[in-house]
Each structure stands twice: as C-alpha cells, then as structure tokens.
Amino acid sequence: MLGFFKRKGLREELKENPNQPEKWLKLAEKENDGEALSNAIIYSNGNLVTEAVKIAKEKKLIEETLKHIPDSEKEIKALFAGLKEKENNKLSRARNFFETAFQSGNKKVKFFAGYNIAEILKEEGLNEEALKIVKQIEAITPDSEKKTLQKLKKELEEKTGKRKAGFFKTFKEGLKKTREALNFSVFKGREIDEELFEELEERLILADIGVKTSLQLIDELRKETKKRKLKTSDELLEVLKEKLKNLLSNYAGELRTENSPSVILVLGVNGVGKTTTIGKLAKQLKDKGKSVLLAAADTFRAAAIEQLEVWAERADVRIVKGSEGADPASVVFDAVQSLKARGEDILIVDTAGRLHNKDRLMKEIKKIKKVISREIPGEPSEILLVLDANTGQNAISQAKAFKEITDVTGIVLTKLDGTAKGGIVVAIASELKIPIKYIGIGEKIEDLRPFNPEEFVEELFS
Ligand SMILES: Nc1nc2c(ncn2[C@@H]2O[C@H](COP(=O)(O)OP(=O)(O)O)[C@@H](O)[C@H]2O)c(=O)[nH]1
Ligand SMILES: [Mg+2]
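I will try to describe carefully the structure that is included in this document. In this text, all values refer to a predicted model and were calculated from it rather than measured experimentally.

With respect to the overall build of the chain
Working step 1: Helix and strand content of the chain: 22 helices and eight strands.
Working step 2: For the chain, the C-alpha atoms occupy an extent of roughly 95 × 55 × 35 Å along the three principal directions.
Working step 3: The burial tally for the chain puts 52% of its 462 residues in the buried class.
Working step 4: Summed over all atoms, the accessible surface of the chain reaches about 22,500 Å², with 48% contributed by carbon and sulfur.
Working step 5: Considering the chain, the positive charge centre built from 84 side chains and the negative charge centre built from 78 side chains are found 1 Å apart.

This is the structure:
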C-alpha cells in the first residue's frame with residue numbers, strides 16, 4: 001500500500017514541479033516509463049544520459065523514450081534512434097544516427113555516440129577506425145564508463161597489433177606511482193574550505209609540480225571558486241584538471257621529421273636515458289617507413305658506443321661510430337656524409353653530456369651543430385634534451401644549464417614509470433616553456449610515448 005501511494009506521490013509531485021531530473025529518472029526506472037526517461041534527460045540538459053542509457057536496455061523502453069524526446073534535441077534524439085536501430089541489428093543505419101549524436105556539445109551524449117560507433121566499427125572488422133574513435137572519446141569518458149572503455153581499447157589494440165596481449169606496459173601502469181602520490185581521490189566529495197586548499201597545495205608540491213607553479217595553481221583555483229561559485233571539491237578538481245590540460249597543451253608538440261634528410265641531436269647528462277631513447281625512437285620511426293641512421297658521438301666511453309650498437313641492431317638501422325676518444329664532431333661529419341650518400345631520411349646523434357665541464361661541452365655542441373648545418377642547411381631540426389623524471393627539481397636545473405649552452409627544441413622525459421615525481425611534467429611546461437615531445441615509461445621499445453597532455457592529465461586523476 002505504502003509503495004503505491006509513494007509512487008503516485010512522485011508522479012503528482014513531478015506534475016507540479018517537473019524540473020527534477022533525478023526524480024524523473026527514479027520514476028522511469030521504477031515504472032519502465034519512456035516519457036519519464038525522456039524528461040530526466042531533457043531536464044538535466046543531457047547530463048543524466050549515462051544513467052538513462054543504462055536504464056533503456058529494452059527495445060520497448062528505447063522506442064517509448066525516443067517518441068517523447070522533442071525534435072529540438074536533435075543529438076539526443078539521434079542517440080536513442082541509434083540505440084533503437086542497433087537493437088534491431090540495423091548497424092549501418094544505427095551508425096548514421098550515432099554520427100549525428102557524435103556532433104553533440106554535451107560530452108556525455110558525444111561519448112555514448114562515439115562508444116557505439118566504435119562498437120559497430122569493431123563488429124564490422126574496422127578495428128583501426130574503431131580505435132581512432134575510442135581515442136577521441138577517451139578524454140571525455142564519464143568515470144563510471146572508464147573501465148568499459150579501457151577494455152574496448154585494449155581489445156582493439158590487440159586486434160590491430162598495437163598491443164601484444166599482456167605484454168606492453170600500459171600508460172596507466174607507467175604513471176601509477178605519480179597517481180598514488182597525488183592521490184586526488186582523497187579530495188573527492190568534500191566541501192571547499194581553507195583546509196582543502198592547503199592540503200591540495202601540499203600534494204601538488206610533493207608530486208614535484210614545483211612550489212611556484214603549485215602556489216600559482218592554488219591561487220587561480222581560489223579565484224575560480226569565487227567566480228564560478230564552486231561548491232564541492234569535485235567541481236574544484238574538474239577546474240584543476242582543465243587548468244593543467246591548458247597549461248600542458250601549450251607545451252606539447254610533435255617531433256619534426258618532415259625534412260629529408262633531417263637531423264635530431266640528442267643531449268642530456270649521463271644516465272638520463274639518451275641512448276635508450278634513441279634506440280626506441282629509431283625503431284618507431286623505422287616502423288613508420290623512415291630510413292634511420294644513428295651516430296655514436298658519445299665517444300667518451302667505449303661502453304656507450306657498444307650500447308648504441310645493440311640498439312641499432314634491435315631497431316634494424318645502420319650506425320656510424322668512431323673509436324673511443326675520437327672527436328665527436330668528426331663522427332657526426334662521417335655520419336652526415338653517409339646519410340647523404342645513401343639518401344636516408346633521418347640521422348639521430350647520440351652525445352656525451354658532461355655538464356660539469358660546461359665550457360667544453362658548449363664548444364663541443366657548437367662544433368657538432370656547425371658540421372651538421374654546413375652539410376645540411378637548416379639542420380638539426382630537433383635538439384632534444386633528455387631529462388630523468390626521478391631527479392625531480394634537479395631536472396629543471398639541468399634544463400636551465402643546457403638552455404644556456406644551446407637552444408633546445410624539445411624535451412624527452414624518461415623514467416616516469418619508476419617515480420612519484422611525475423608532476424615534474426607540469427613544472428617543465430610552466431617554468432621552462434619548452435615543449436615536451438616524448439615521455440619514457442619503461443625500458444622496452446614500446447615504452448617511449450608521444451606526450452599527450454589530455455591523456456596524461458586524465459591518467460593523473462583517474
Ligand atoms: N624504467 C625506465 N628506465 C629507463 C627509461 N629510459 C631509460 N631507462 C634506463 O636508464 C638507464 C640509462 O639509460 P641510457 O640510455 O644508458 O642513458 P644515457 O647515459 O643518457 O645514454 C638504462 O638502464 C635504461 O634502461 C624509462 O623510461 N624507464
Ligand atoms: Mg648513452
């Protein structure tokens with residue numbers, strides 16, 4: 001009896017005061033009511049679409065809901081029309097509808113449309129295309145759907161050969177320690193107060209985002225809280241996420257390799273991961289169809305030359321080397337000649353970064369650059385500085401020292417997998433203003449990844 005009155009009560013209440021999307025949802029779920037479900041979506045401006053899609057599993061309810069969504073809500077209507085056609089197994093019609101819904105400005109509608117497109121493409125064996133869509137919607141995945149999307153992504157990566165089952169380290173694993181250090185989850189579901197700001201500030205500093213940048217971020221968050229009248233920590237975290245993405249996307253960039261031939265000069269102190277990075281990069285460029293040559297211009301130690309030889313073999317590319325103690329610039333000269341003679345695309349130069357003798361290093365780099373630009377005008381097109389994320393704030397000092405020696409076109413940040421100091425990425429962007437081009441998250445060839453700020457920030461908060 002009581003249940004009956006209650007239910008009746010809810011419907012009555014909504015008649016009088018319809019702008020209560022959560023209650024419409026409740027009613028829809030209880031009574032399998034398409035009109036209520038449509039109201040839940042419309043009154044929430046599409047924000048309850050995640051919950052609505054879950055409820056609308058049966059064909060009949062999907063059809064009922066579809067009838068009640070007004071035509072003016074073009075994308076939401078298309079989403080449900082797509083669900084209906086998919087249910088009827090009319091996949092190409094469904095896909096057309098989802099494509100329309102995919103244009104929605106509402107992230108949740110866009111996500112579900114994209115997810116369904118990816119599923120249909122997979123069904124049709126178009127795995128590459130499906131993976132492309134998955135990557136497009138990754139950054140807008142609602143929390144509740146993250147696992148599902150990652151599962152689909154993994155499957156597609158395995159199908160397209162981008163991942164050998166259970167072998168590659170995922171990006172998620174690579175950033176595990178930093179994510180744990182930041183541990184943003186403890187800030188969820190709280191009120192915004194002074195204590196929250198202080199804890200958050202401390203957390204940012206601990207993750208090596210840098211004192212200056214952390215203070216700046218917190219300051220901006222305080223202002224935004226007032227301006228946007230933020231109430232909960234969850235809203236605040238969303239704003240922080242936005243800020244980090246904006247900050248980082250100003251300092252991300254792709255490797256320039258359009259010129260043929262082009263030369264990439266790789267700098268950095270001993271042990272940061274130069275040779276390893278060069279090996280990984282050589283393999284990746286080769287897989288893209290480029291012909292690659294390596295120059296072993298770190299002639300300081302015989303072991304360094306041997307190590308590059310091992311990588312050349314692994315990546316199946318040629319190497320030019322001198323003997324231990326040879327003049328690095330003369331090795332580079334030989335390599336450039338060889339590159340030109342064979343008409344190869346890209347030369348990557350490994351160097352010895354003995355920063356303790358700055359004058360000597362400066363002269364050495366200057367000489368190498370001169371040899372290159374004399375033989376191939378306009379080159380080197382990239383001067384990459386490799387930094388080890390484990391060294392935290394020290395990496396910033398190293399970068400500053402190298403900037404005084406030569407111009408740097410991009411940064412490779414290695415060993416993010418072994419450190420909780422991944423926040424250094426943010427410090428690099430905000431303090432050095434040099435684009436981060438790659439990050440290293442392990443020792444294997446596949447563990448060098450182009451730096452993607454969206455993906456990076458999402459991982460930190462996941
Ligand atoms: N875990 C991890 N180790 C790395 C990464 N990059 C390089 N290393 C390791 O760091 C060590 C030094 O690398 P190496 O390339 O010889 O540094 P170089 O002296 O700058 O040439 C090696 O043991 C590499 O395997 C990375 O992204 N993650
Ligand atoms: Mg080396």
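Resuming the write-up.
So, the site of ligand 1
Working step 1: Lining the immediate surroundings of ligand 1 are 17 residues, of which Gly271, Lys274, Thr276, Asp417 and Glu443 lie closest.
Working step 2: A distance of 2.5 Å is found between an oxygen atom of ligand 1 and a side-chain nitrogen or oxygen belonging to Thr276.
Working step 3: Gly442 is positioned with one of its backbone polar atoms (N or O) 3.3 Å from an oxygen atom of ligand 1.
Working step 4: Here ligand 1 loses 81% of its free accessible area of 590 Å² to cover by the protein chains.

Here we look at unusual backbone geometry
Working step 1: Note that the residue after Ser260, namely Pro261, is joined by a cis bond; omega there is 0°.
Working step 2: You can see Pro261 is positioned in the loop between helix H15 (233-249) and strand E1 (262-267).
Working step 3: A cis amide bond links Glu379 to the next residue, Pro380, at an omega of 0°.
Working step 4: Mapped onto the elements of the fold, Pro380 is located in the loop between helix H19 (358-375) and strand E5 (382-388).
Working step 5: A positive phi is found at Asn32, a non-glycine position, where the angle reads about 50°.
Working step 6: For Asn32, the location among the structural elements is in the loop between helix H2 (21-31) and helix H3 (34-43).
Working step 7: Note on Asn32: relative accessible area 43%, which makes it partly exposed.
Working step 8: For Lys433, which is not glycine, the phi torsion reads 55° and is therefore positive.

A look at the sheet that holds strand E8 (residues 448-450)
Working step 1: The eight strands lie next to each other as E3-E2-E4-E1-E5-E6-E7-E8, forming an open sheet whose pairing is mixed. Here the strands that pair on one side only, and so sit at the sheet edges, are strand E3 (318-321) and E8. For this sheet, the mean inter-axis angle between neighbouring strands, taken without regard to orientation, is 25°.
Working step 2: Here five bridges tie E5 to strand E6 (residues 410-414), and the two strands are oriented parallel to one another. By the bridge assignment, Val386 is partnered in E6 with Val412.

Remarks on helix H7 (residues 91-101)
Working step 1: Within H7, the full set of buried residues consists of Leu91, Ala94, Phe98 and Ala101. Down the axis of H7, the buried set is contained in an arc of 70°. They therefore lie on one face. Along H7, exposed side chains directed more than 90 degrees from the buried face belong to Ser92 and Asn96.
Working step 2: On the buried face of H7, the contacting elements are helix H6 (74-87) and helix H8 (107-123).

A word on the side chain of Thr299
Working step 1: Mapped onto the fold, Thr299 is located in the loop between strand E2 (292-296) and helix H17 (302-315).
Working step 2: Note on Thr299: relative accessible area 5%, which makes it buried.
Working step 3: From its side chain, Thr299 meets the backbone oxygen of Ala326 in a polar contact 2.7 Å long.

Some details on the packing of aromatic side chains
Working step 1: For the coordinates displayed, the defined rule picks out five aromatic pairs.
Working step 2: For the ring pair Phe451 and Phe456, a centre distance of 5.5 Å and an interplane angle of 65° mean the geometry is edge-to-face. Across the pair, exposure class does not vary: Phe451 and Phe456 are buried alike.
Working step 3: What links up through ring pairs into an aromatic cluster is the set Phe111, Phe112 and Tyr115.
Working step 4: The cationic tip of Arg314 hangs over the ring face of Trp311; the distance from NZ or CZ to the ring centre is 4.3 Å.
Working step 5: The ring of Phe300 has Arg354 lying over it, and the distance from NZ or CZ to the ring centre is 3.8 Å.

Some details on the pattern of salt bridges
Working step 1: By the definition in use, this model includes 40 salt bridges.
Working step 2: A salt bridge links Arg256 to Glu382; its shortest N-O distance comes to 3.6 Å. Note that Arg256 is positioned in the loop between H15 and E1 and Glu382 in strand E5, a separation of 126 residues in sequence.
Working step 3: You can call Arg256 partly exposed: its relative accessible area is 37%.
Working step 4: Overlapping salt bridges, with partners in common, bring together Asp143, Lys146, Glu238, Lys241, Lys245, Glu454 and Glu458 in one network.

Conventions and cut-offs
Residues numbered from 1 in each chain as written. Chains lettered and ligands numbered in written order. Predicted model: local features only at pLDDT ≥ 70, side-chain atom pairs only at ≥ 80, totals over all residues. Heavy atoms only, no water. Helix = DSSP H or I, 4+ residues; strand = E, 2+ residues; numbered from the N terminus. Buried < 20%, exposed > 50% of the residue type's maximum accessible area, 1.4 Å probe, protein only. Areas by Shrake-Rupley, 256 points an atom, 1.4 Å probe, with all protein chains shown as cover. Lys, Arg positive; Asp, Glu negative; His and termini not counted. Charge placed at Lys NZ, Arg CZ, Asp CG, Glu CD. Near = heavy atom within 4 Å. Polar contact = N/O pair within 3.5 Å; in protein donor to acceptor, adjacent residues only side chain to side chain. Pairing = 2+ DSSP bridges. Axes fitted to C-alpha atoms, helices over the stretch in contact; angles between N-to-C directions. Arc of directions from axis to C-beta. Contact = heavy atoms within 4.5 Å. Phe/Tyr/Trp six-rings, centres within 6.5 Å; stacked < 30°, edge-to-face > 60°. Lys NZ or Arg CZ within 6 Å of the ring centre and 35° of its normal. Salt bridge = Lys/Arg side-chain N within 4 Å of Asp/Glu carboxyl O.

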